[in-house]
Amino acid sequence: MVKHQRHYWLMKSEPHCFSIDDLAAEPNQTACWDGVRNYQARNFLRDAIKVGDGVLFYHSNIAKPAIVGVAEVTRAGYPDHTALDPNGDHFDPRASEDNPIWYMVDVRFLAKLPVPLTRDFLAEHPVLATMDVLRKGNRLSVQPVTEVQWQAVLQVAGLSDPFVTGGA
DNA sequence: GCCAACGTTGGC
DNA sequence: GCCAACGTTGGC
């Protein structure tokens, strides 16, 4: 029997818009990751991200951008209905029920890192220095993370891997 | 606030 | 299909 291979992702958010604390405060600590309007990120949301995948929550566009928490995917890609709302910030007149164009996933809060992992810190770490998010000019708001990077984040944060339950 | 990097748009 | 102009992202 073949089990789904868990994948890992980094998702950016501007904390004054939606922060890790906002996610933790949501009902069921779960929110839909809406408003992504970039095709490459859309493709990840629509095609690649699956229930159970791990998410590194990254705060962007602040003085000290950093990975601040971890979350998990609780619903795979489905149409982002905010594209259909003409009064919303994420309205896209080209989108329709039949052709949603944009997709989102649901993510649930797992943990806040005891200390945010800043870019400066990441850049000094032998494994984490390779993360896509550090690449100059990388604007992708949803990007893949390797399992090695995922485990390194948890290790340096002093957290146990939430997907490893006892044993092993 | 600056500006480099990038994605998108639209004229041709 | 090319590419210049433009808008946005996001670190600094």
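The rules we used
Here, residues in each chain are numbered from 1, in the same order as that chain's written sequence. Numbering of ligands from 1 and lettering of chains from A proceed in the order in which they are written. Local features in this predicted model are restricted to residues of pLDDT 70 or higher, and side-chain atom pairs are both shown and tallied only at a pLDDT of 80 or more, whereas totals for entire chains, interfaces and linings draw on every residue. Side-chain metrics rest on all non-hydrogen atoms present in the structure, leaving aside hydrogens and water. Comment: elements are numbered from the N terminus, with helices defined as DSSP H or I runs of at least four residues and strands as E runs of at least two. Buried residues are those whose accessible area, probed at 1.4 Å on protein chains only, stays under 20% of the maximum for their type, while exposed residues exceed 50% and partly exposed ones sit between those limits. Pairs were defined over the aromatic rings of Phe, Tyr and Trp, the Trp ring being its six-membered one, requiring ring centres within 6.5 Å. Orientation was assigned from the angle between planes: stacked under 30 degrees, edge-to-face over 60, tilted for the rest. A ring has a charge above it when a Lys NZ or an Arg CZ is no more than 6 Å from the ring centre and no more than 35 degrees off the ring normal. Here a residue is near a molecule or strand as soon as one of its heavy atoms is found within 4 Å of it. Here a polar contact is recorded for every N or O atom pair within 3.5 Å, except that within protein the pair must consist of a potential hydrogen donor and a potential acceptor, and residues adjacent in sequence are included only if both atoms are side-chain atoms. When residue character is reported, Ala, Val, Leu, Ile, Met, Phe, Trp, Tyr, Cys and Pro are called nonpolar, Asp, Glu, Lys and Arg charged, and the others, Gly included, polar. Any carboxyl oxygen of Asp or Glu that lies within 4 Å of a side-chain nitrogen of Lys or Arg is treated as forming a salt bridge with it.

Trainee: So, the overall build of chain A: which residues are in play, and what are the values?
Mentor: A count of helices and strands for chain A gives four helices and six strands. The N-to-C order of helical and strand elements in chain A reads β-α-β-α-β-β-β-α-β-α. Across its three principal axes, chain A shows a C-alpha extent of roughly 45 × 45 × 30 Å. The proportion of buried residues among the 168 residues of chain A is 44%.

Trainee: Could you give an account of the packing of aromatic side chains, naming the residues involved and the relevant values?
Mentor: Applying the stated criterion across every chain, the model contains eight aromatic pairs. Taking the centre distance of 6.4 Å and the plane angle of 90° together, the rings of F18 and W33 count as edge-to-face. Taken as a pair, F18 in the loop between β1 (8-13) and α1 (20-25) and W33 in the loop between β2 (30-32) and α2 (39-48) lie far apart in primary sequence, 15 residues in all. One exposure class covers both F18 and W33, and it is buried. An aromatic cluster is present here, built from Y8, W150 and F163 joined pairwise through their rings. Geometry around Y78 places R75 over its ring, the cationic atom sitting 3.4 Å from the centre.

Trainee: Tell me about the protein's contact with DNA strand B, residues and numbers included.
Mentor: Close to DNA strand B lie N38, Y39, K136, G137 and R139. At the protein interface, 63% of the atoms of DNA strand B within 4 Å belong to sugar or phosphate. One of the side-chain nitrogen or oxygen atoms of R139 is found 2.2 Å away from a base oxygen of DNA strand B. Within the surface near DNA strand B, the residues separate by chemical class into one nonpolar, two polar and two charged.

Trainee: Break down the pattern of salt bridges for me, with residues and values.
Mentor: Throughout the structure, instances matching the rule amount to seven salt bridges. Residue K64 is joined to D120 by a salt bridge in which the shortest nitrogen-to-oxygen separation is 3.6 Å. On the criterion of sequence distance, the pair formed by K64 in the loop between β3 (54-59) and β4 (66-79) and D120 in helix α3 (residues 119-124) is long-range, its members being 56 residues apart. One salt bridge connects E72 with R108, and the closest N-O pair in it is separated by 2.6 Å. A residue pair is termed long-range when its members are at least 10 positions apart, and E72 in strand β4 and R108 in strand β5 (residues 103-118) qualify at 36 residues. Exposure remark for E72: the relative accessible area of 13% places this residue in the buried category. Overall, R108 belongs to the partly exposed group, its relative accessible area being 35%.

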